[in-house]
Amino acid sequence: MRHFYEQLAEVLQQEPVVLATITTVQGSVPREVGAKMIVCADGRLIGTIGGGAGEAVVQQRALTVLQSGTKQFVEIDLSGAPDRETQGICGGKMQVWLERWAGAEAQTLVAQILNSLGLGGAAIVTPFDSAKSPYLMPNDFHTIRATDHALIEPLVPPPTLVIMGAGHVAIPLAQIAQLAGFEIVVIDD
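The sections below set out a description of the structure shown in this document. (Residues numbered from 1 in each chain as written. Predicted model: local features only at pLDDT ≥ 70, side-chain atom pairs only at ≥ 80, totals over all residues. Heavy atoms only, no water.)

### A look at the sheet that holds strand β3 (residues 45–47)
In spatial order, the strands read β3-β2-β1-β5-β4; together these 5 strands make up an open sheet with antiparallel pairing. The open sheet has two free edges, formed respectively by β3 and β4 (72–77), since each of these has just one partner strand. The mean inter-strand angle of the sheet, taken between neighbouring strand axes irrespective of direction, is 25°. Looking at chain direction, β4 and strand β5 (residues 93–101) are connected through 6 bridges and run antiparallel. When the sheet's bridge partners are listed, Q72 is paired in β5 with L98. Against the sheet, helix α1 (residues 2–12) engages β1 (17–26), β2 (36–39), β3 and β5, with an angle of about 15° to β2. (Pairing = 2+ DSSP bridges. Helix = DSSP H or I, 4+ residues; strand = E, 2+ residues; numbered from the N terminus. Axes fitted to C-alpha atoms, helices over the stretch in contact; angles between N-to-C directions. Contact = heavy atoms within 4.5 Å.)

### Quick look at the sheet that holds strand β7 (residues 135–138)
In spatial order, the strands read β7-β6-β9-β8; together these 4 strands make up an open sheet with antiparallel pairing. At either end of the open sheet lies a strand with only one pairing partner, and these are β7 and β8 (145–146). Bridge analysis of strand β6 (residues 122–127) against strand β9 (residues 150–155) gives 6 bridges, and the strand direction is antiparallel. Across the sheet, the residue bridging to P127 is A150, located in β9. Running over the sheet, helix α3 (residues 103–119) touches β6, β7 and β9 and is turned about 30° from β7.

### Quick notes on the side chain of T21
With respect to the helices and strands, T21 occurs in strand β1. T21 sits in the buried class, given a relative accessible area of 5%. Within the structure, the side chain of T21 is placed 3.3 Å from the side chain of K36, a separation counted as a polar contact. (Buried < 20%, exposed > 50% of the residue type's maximum accessible area, 1.4 Å probe, protein only. Polar contact = N/O pair within 3.5 Å; in protein donor to acceptor, adjacent residues only side chain to side chain.)

### With respect to the pattern of salt bridges
In this structure the tally under the stated criterion is 6 salt bridges. In this structure, E32 and R31 form a salt bridge, with 3.3 Å as the shortest nitrogen-oxygen distance. The class for R31 is partly exposed, based on a relative accessible area of 25%. A salt bridge links E99 to K71; the shortest N-O distance between them is 2.9 Å. With E99 in strand β5 and K71 in the loop between α2 (52–68) and β4, this residue pair connects regions lying 28 residues apart in the sequence. There is no split in this pair, since E99 and K71 are both buried. Through salt bridges with shared partners, a single network forms among E15, D42 and R44. (Salt bridge = Lys/Arg side-chain N within 4 Å of Asp/Glu carboxyl O.)

### A few points about α1
Given 3.6 residues to a turn, an α-helix orients residues that are three or four positions apart in the same direction. Among the residues making up α1, those that are buried are F4, Y5, L8, V11 and L12. The buried residues of α1 all sit within an arc of 120° when viewed along its axis, so they share a single face. Turned more than 90 degrees away from the buried face of α1, the exposed residues are H3 and E10. Against the buried residues of α1 lie β1, β2, β3, β5, α3 and β6. (Arc of directions from axis to C-beta.)

### With respect to the packing of α1 against α3
Geometrically, a packed helix pair is captured by the angle between its two axes and the distance between the axes. Two elements in contact, α1 and α3, have axes whose closest approach is 10 Å; the angle formed by their N-to-C orientations is 155°. Classified by the interaxial angle, the pair formed by α1 and α3 is roughly antiparallel. Note that α1 runs across α3; the crossing there is left-handed. Within the contact between the two elements, α1 uses R2, Y5, E6, L8, A9 and L12 and α3 uses A106, Q107, V110, I113, L114, L117 and G118. For the contact of α1 with α3, the residue count by class is 9 nonpolar, 2 polar and 2 charged. (Parallel < 35°, antiparallel > 145°, perpendicular 65-115°, else oblique. Left-handed = near helix turned anticlockwise from the far one by under 90°. Nonpolar A, V, L, I, M, F, W, Y, C, P; charged D, E, K, R; others polar.)

Everything listed here is a matter of coordinates, which is why it stays silent on function.
Following this line, the structure appears as structure tokens:
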């Protein structure tokens, strides 16, 4: 999570982007609620909401949101039902919130998110209202909650893996753990 927000902070210094966030899922889908993807003006993607044709639909709609600034939901139908236009055959559906992030306000929020990730105890609230912006609030829970009005995501520091000994197994273990999102501590004399 930290790496994603670091990338978001870096891109926001150069250009506005659209943040695509999965808000609800039903049935079998490739990613979970809270999965995020950044869509840049040139179509470049950072992160993923599952890939394939569904992600391509979100990418195209995000480029429209980038121009208009109008926040919106996109429903991705992965049911494979023969009577519907679908974007895949995973078996489920997901709803994705598209929101333009730009300027000093967005940069400040990302800096606050990164600070909170180091401390824990906060959540980012994404209102599903075109007049409201995302914000941080105090938090004492550790699961994502979606309501009809907002997505509330706890900003929990990544788990720490302590590796005892810096032998030949420690290097690939640390590399794999880093890919999985762990903070890594190696203890060796």
